[in-house]
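Coordinate analysis (summary)
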2 protein chains.
Amino acid sequence: MDREVKFPEIRPLEIDRYARIISTGVGLPKDVVTNQDIIDQYKIMATARAVEYSLGIKERRWSSVDEKLVDIMAAAASQCLERAEVDIDKVDRVICTKLFGDYVIPASSIGLLKKLGAKKGIPSFDIYAACSGFIHAMDLAIRYIASGDDYILILGGAVSAKATRYWNDPDPKTVFLNGDGVAAMLIGHSEVKSFLASYLLTNHSMYDIAKITFGTSFVREEMKDLDPSVFFMRIADGNLLFKSAVAYSKIVADKLLFETGLKIDDIDFFITSDQTTKMWEAQLKEIGIPKEKSQSLFYKHGNTVSAMSPLNLDDLIVSGRLKRGDLVMMQAHGAGASSGGMIFRY
Amino acid sequence: MDREVKFPEIRPLEIDRYARIISTGVGLPKDVVTNQDIIDQYKIMATARAVEYSLGIKERRWSSVDEKLVDIMAAAASQCLERAEVDIDKVDRVICTKLFGDYVIPASSIGLLKKLGAKKGIPSFDIYAACSGFIHAMDLAIRYIASGDDYILILGGAVSAKATRYWNDPDPKTVFLNGDGVAAMLIGHSEVKSFLASYLLTNHSMYDIAKITFGTSFVREEMKDLDPSVFFMRIADGNLLFKSAVAYSKIVADKLLFETGLKIDDIDFFITSDQTTKMWEAQLKEIGIPKEKSQSLFYKHGNTVSAMSPLNLDDLIVSGRLKRGDLVMMQAHGAGASSGGMIFRY
């Protein structure tokens, strides 16, 4: 990995009003799409078994035309709030970390409030930081709570695969990877310190390695013949993307451990963005975490962008493996250019 | 305005590590586009004088194909940092509040760092909250500084008019309104309390009043015949949009004055988003601020989305009208569904 960028020092959280994770929730589209479904639909020269073997994915969810991002966000938020027994109108702020929303404007977080039937005009906005967006949102939430808020609802995820479904000629390299799904988290005020360290970085030398143009960069005189591929992730160098996520895992882990004075063996669970099974395994190996202390849902969800890390967290909680008091290192690595992590006691 | 949504109470900023505005800066595209230019280009049945009379706009800047959002952001950021004599590598975090970026992913804030030649991998992300985005970013900045950061660079603005330039058939109702431009602000640590109150609200009953679909909401079977208008703001009810911005002005002003114990006459300058000259004037009238205590750059910039309020602030500073120690109420109102403001001592 090119290191023309020097990563920042980690700074202590100068916070004396603490936060903790109250609950999590998940929203998934109805349709399960298998490798065979994709092979059949796009007449791709592959076998379902070869795809599963090489990528680690068996199936993923794809939104139908009728399923909007705000619908799936509302399902995740409802589950999260019900588990916490907290009404949406008790929430001080909503932050959605998305890839595409149903619209650019207004923010999907406002659409979510409408869907949930919120009675209060809760301050809400969307943030974009690729797969690392959820870590940014968690970091934001603990700072809002430090400065006076009681409950922050954050959501991560995408319906990025939705577009794939309706074009005839998707990129065969990426068509199997993406899945639609959303995870929600309620972060609330706590008397006890729970978030021990937070670290985020960017690497602008990777700005052009993986991108979704779907912006004004493709505006041209001949734009009438719009290329639908502007809606898909374009990966200039997949190997570099892989290497960067692995390298960031170690950098983020080292910074977090330095700040907290913990050793890697002190961590009970490591949760990260699992863009492929190999990317997950390589991260574990790089920072020296045994597989039993982590998990990957890539095999059944695919790449759900900023939902990957919190979907894994939710699954560990719901399955009972992760218990209150356990020490968690949570990370996410986005599009080669953005990365971050936290250490918290669940 | 329909009030099915109850606006939240204002909460005190529980902050004991203070922030202040260090400097501002502006970036504008090269091309000035007059009303006559637009009339000629699109063969619209109107006179330049009538457009100016009815809307208040004489000209605006439109980006050319060669001018990317990150270029204009870099110009604004450079001016802002030079005025502060602060190097980009001293900045702890960069937040861009945009409408469209050059890409969806990676974040434009990372592209900005590349353009500026930052040596440090500064944590950076983009937020979307329509015209109110800059107030969210300021609110975020003071909370980051409260919890340990020293400098936050925030940017607002858009190259939303860029797309207009390259389609043959724009909406004649909105083609005159939008301009491209960016404003930057450096917020830094301060020993003295400067930000006195901050208030943000949403109104999800307005979620469908003004929107840019440019998301997955337009994904359809027949999507091959993509309607380019997905890239433009669609306004279902302009009158309601106007009324909402005026109503929010009063609500936000009242909350901020209540929290600070100030009276409207104590405010030295009122700065807001001036989507049209009439919208600016109606806001002033609604909250009882004389014109001499405000200003609008709509006549020469048009609607620059989240740059409107900070462009006005920068102009007041550069012209010498606004002086250190003056009390400012700054607001912005976005797409009918999001709004907010702050009171600070400049």
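In the annotation of an unreviewed UniProt entry, the entry for chain A reads Beta-ketoacyl-acyl-carrier-protein synthase I, and the organism field reads Pseudobacteroides cellulosolvens ATCC 35603 = DSM 2933.

Turning to the overall build of chain A, a few remarks are in order. When helices and strands are counted, chain A shows ten helices and 13 strands. By the compact-globule yardstick of 20 Å for 346 residues, chain A fits well, its C-alpha radius of gyration being 19 Å. In terms of its C-alpha atoms, chain A occupies a principal-axis envelope of roughly 55 × 45 × 40 Å. Per-residue burial for chain A yields a buried fraction of 67% across its 346 residues. Within chain A, contacts between residues at least 6 apart in sequence are counted, and of these 79% link residues at least 24 apart. About 12,100 Å² of surface is accessible on chain A, with carbon and sulfur atoms providing 49% of the total. The positive charge centre, built from 42 side chains, and the negative charge centre, built from 45, are 1 Å apart in chain A.

Hydrogen bonding along the main chain pairs the strands of a sheet, whether they run parallel or antiparallel. Residue and element names in this part refer to chain B. Overall, mixed pairing links the four strands, which are arranged β8-β13-β12-β11 in an open sheet. Since the sheet does not close on itself, it has two edges, and those belong to β8 (195–202) and β11 (269–271), each with one partner. Neighbour to neighbour, the strand axes of the sheet diverge by 10° on average, direction disregarded. Note: strand β12 (residues 327–334) against strand β13 (residues 338–345), eight bridges, orientation antiparallel. Counted as the bridge partner of His333 is Ser339 from β13. Docked against the sheet, helix α5 (residues 133–146) engages β8, β12 and β13, running at close to 50° with respect to β13.

In this section: the sheet that holds strand β11 (residues 269–271) of chain A. All names here are of chain A. Spatially, β8-β13-β12-β11 is the arrangement adopted by the four strands of the open sheet, whose pairing is mixed. Unpaired on one side and paired on the other, β8 (195–202) and β11 mark the two borders of the sheet. Strand-to-strand, the axes of this sheet are offset by a mean angle of 10°, without reference to chain direction. One ladder, built from three bridges, connects β11 with strand β12 (residues 327–334); its direction is parallel. For Ile271, the partnering residue across the bridge sits in β12 and is Met330. Running over the sheet, helix α5 (residues 133–146) touches β8, β12 and β13 (338–345) and is turned about 50° from β13.

Moving on: the pattern of salt bridges. For the structure on display, the rule yields 30 salt bridges over all chains. A salt bridge links Arg143 of chain A to Asp139 of chain A, with the nearest nitrogen and oxygen atoms 3.0 Å apart. With a gap of four residues between them, Arg143 of chain A and Asp139 of chain A both fall in helix α5, about one helical turn apart. Taken individually, Arg143 of chain A and Asp139 of chain A each receive the classification buried, so the pair is uniform in this respect. With a closest N to O distance of 3.8 Å, Lys255 of chain B and Glu9 of chain B form a salt bridge. With Lys255 of chain B in helix α7 (residues 238–260) and Glu9 of chain B in the segment before β1 (18–27), this residue pair connects regions lying 246 residues apart in the sequence. Counted as one network, the salt bridges with shared partners bring together Arg11 and Glu14 of chain A together with Arg17, Asp92 and Asp150 of chain B.

Right, let's get into the side chain of Ser294 of chain B. Residues and elements named next belong to chain B. For Ser294, the location among the structural elements is in the loop between α8 (277–287) and α9 (298–301). Among the polar contacts made by the side chain of Ser294, one reaches the main-chain carbonyl oxygen of Phe270 at a distance of 2.6 Å. Looking at Ser294, its side chain comes within polar contact range of the side chain of Trp280, at 3.0 Å.

Looking now at the UniProt feature "domain: Beta-ketoacyl-[acyl-carrier-protein] synthase III C-terminal" (unreviewed entry) in chain A. Feature annotation in UniProt assigns "domain: Beta-ketoacyl-[acyl-carrier-protein] synthase III C-terminal" (unreviewed entry) to the following positions: residues 259–346 of chain A. Spanning residues 259–346 of chain A, this segment combines 32% helix with 22% strand, and its end C-alpha atoms are found 18 Å apart.

With that out of the way, let us pick up the layout of surface pockets. Here the largest pocket defines a volume of roughly 790 Å³. Lining the largest pocket are 37 residues, with Thr174, Leu177, Ile235, Leu241 and Asn303 of chain A sitting closest to its centre. Sorting the residues of the lining of the largest pocket by element identifies α2 (48–55), α6 (160–165), β10 (234–235), α7 (238–260), α8 (277–287) and β12 of chain A as the ones contributing at least two each. In terms of residue count, α7 of chain A provides more of the lining of the largest pocket than any other element does, six residues in total. Among the residues making up the lining of the largest pocket, the classes are represented as 20 nonpolar, 13 polar and four charged. When residues are assigned to domains, the lining of the largest pocket turns out to be shared by domain 1 (18–27 + 67–189) and domain 2 (195–224 + 235–345) of chain A, each giving three or more. Of the pockets and cavities examined, the second largest pocket occupies roughly 640 Å³. Residue lining of the second largest pocket: 35 residues in total, with Leu177, Ile235, Leu241, Gln275 and Asn303 of chain B positioned closest to the centre.

Residues and elements named next belong to chain A. By domain assignment, chain A separates into domain 1 (18–27 + 67–189) and domain 2 (195–224 + 235–345). Contact between domain 1 and domain 2 buries roughly 2,800 Å² in total, counting both sides, with carbon and sulfur atoms accounting for 72%. At the junction of domain 1 and domain 2, the tally comes to one salt bridge. Taking the shortest distance from any N to any O, the salt bridge between Arg83 and Asp314 comes out at 2.8 Å. On the surface where domain 1 and domain 2 come into contact, there are ten residue pairs in polar contact (both at pLDDT 80 or more). Split into classes, the residues belonging to the side of domain 1 that touches domain 2 amount to 19 nonpolar, 13 polar and five charged.

Right, let's talk about the packing of α7 of chain A against α8 of chain A for a bit. The relative placement of two packed helices comes down to the angle between their axes together with the axis-to-axis distance. All names here are of chain A. The contact between α7 and α8 brings their axes to 9 Å, and the two run at 35°. Along this stretch, α7 crosses α8, giving a crossing that reads as right-handed. Here α7 contributes Leu241, Phe242, Ala245, Val246, Ser249, Lys250 and Ala253 to the contact with α8, which in turn contributes Lys278, Met279, Ala282, Gln283, Glu286 and Ile287. Tallied by class, residues from the contact of α7 with α8 come to eight nonpolar, two polar and three charged.

This part covers the packing of aromatic side chains. When we look at a pair of aromatic rings, we describe it by the centre distance and by the angle of the planes. Under the counting rule described, the total for this entry stands at five aromatic pairs over all chains. Measuring from centroid to centroid gives 5.6 Å for Phe195 of chain B and Phe344 of chain B, while their planes differ by 55°, and the two rings are tilted. Remark: Phe344 of chain B occurs in strand β13 and Phe195 of chain B occurs in strand β8; sequence separation between them is 149 residues. Using a relative accessible area of 0% as the deciding quantity, one classes Phe344 of chain B as buried. Positioned above the aromatic ring of Tyr346 of chain A, the side-chain terminus of Arg324 of chain A is 3.9 Å from the ring centre.

Let us now look at the pairing of strand β1 (residues 18–27) of chain A. All names here are of chain A. For β1, a buried count of seven out of ten residues is recorded, marking the element as mostly surrounded by other parts of the structure. Two elements, β1 and strand β7 (residues 181–190), share nine bridges in a ladder whose sense is antiparallel. Bridging from a neighbouring strand, Ile21 pairs with Ile187 of β7.

The next thing to look at is helix α3 (residues 69–84) of chain B. Residue and element names in this part refer to chain B. Relative to the 22 Å expected for 16 residues at 1.5 Å per residue, α3 spans 23 Å between its end C-alpha atoms, a close match to the ideal helical length. Taken residue by residue, α3 has Leu69, Val70, Ile72, Met73, Ala74, Ala76, Ala77, Cys80, Leu81 and Ala84 as its buried positions. Buried-residue contacts for α3 involve β1, β4 (93–98), α4 (108–116), β6 (151–158) and β7 (181–190). The positive-phi residue at the C-terminal boundary of α3 is Glu85, with phi of around 55°.

Conventions used here
- Residues numbered from 1 in each chain as written.
- Chains lettered and ligands numbered in written order.
- Predicted model: local features only at pLDDT ≥ 70, side-chain atom pairs only at ≥ 80, totals over all residues.
- Heavy atoms only, no water.
- Helix = DSSP H or I, 4+ residues; strand = E, 2+ residues; numbered from the N terminus.
- Rg over C-alpha atoms; globule rule 2.2 N^0.38 Å.
- Buried < 20%, exposed > 50% of the residue type's maximum accessible area, 1.4 Å probe, protein only.
- Contact = heavy atoms within 4.5 Å.
- Areas by Shrake-Rupley, 256 points an atom, 1.4 Å probe, with all protein chains shown as cover.
- Lys, Arg positive; Asp, Glu negative; His and termini not counted.
- Charge placed at Lys NZ, Arg CZ, Asp CG, Glu CD.
- Pairing = 2+ DSSP bridges.
- Axes fitted to C-alpha atoms, helices over the stretch in contact; angles between N-to-C directions.
- Salt bridge = Lys/Arg side-chain N within 4 Å of Asp/Glu carboxyl O.
- Polar contact = N/O pair within 3.5 Å; in protein donor to acceptor, adjacent residues only side chain to side chain.
- UniProt positions renumbered as here; feature names shortened; annotations may be inferred.
- 1 Å grid on protein atoms, 1.4 Å probe; cavity = no way out; pocket = protein on both sides within 12 Å on 5 of 7 lines; lining within 4 Å.
- Points joined across faces, edges and corners; volume = space filled by probe spheres on them.
- Nonpolar A, V, L, I, M, F, W, Y, C, P; charged D, E, K, R; others polar.
- Domains from an automatic or database assignment.
- Buried area = accessible area lost by both parts, 1.4 Å probe.
- Left-handed = near helix turned anticlockwise from the far one by under 90°.
- Phe/Tyr/Trp six-rings, centres within 6.5 Å; stacked < 30°, edge-to-face > 60°.
- Lys NZ or Arg CZ within 6 Å of the ring centre and 35° of its normal.
- Expected span 1.5 Å × (residues − 1).

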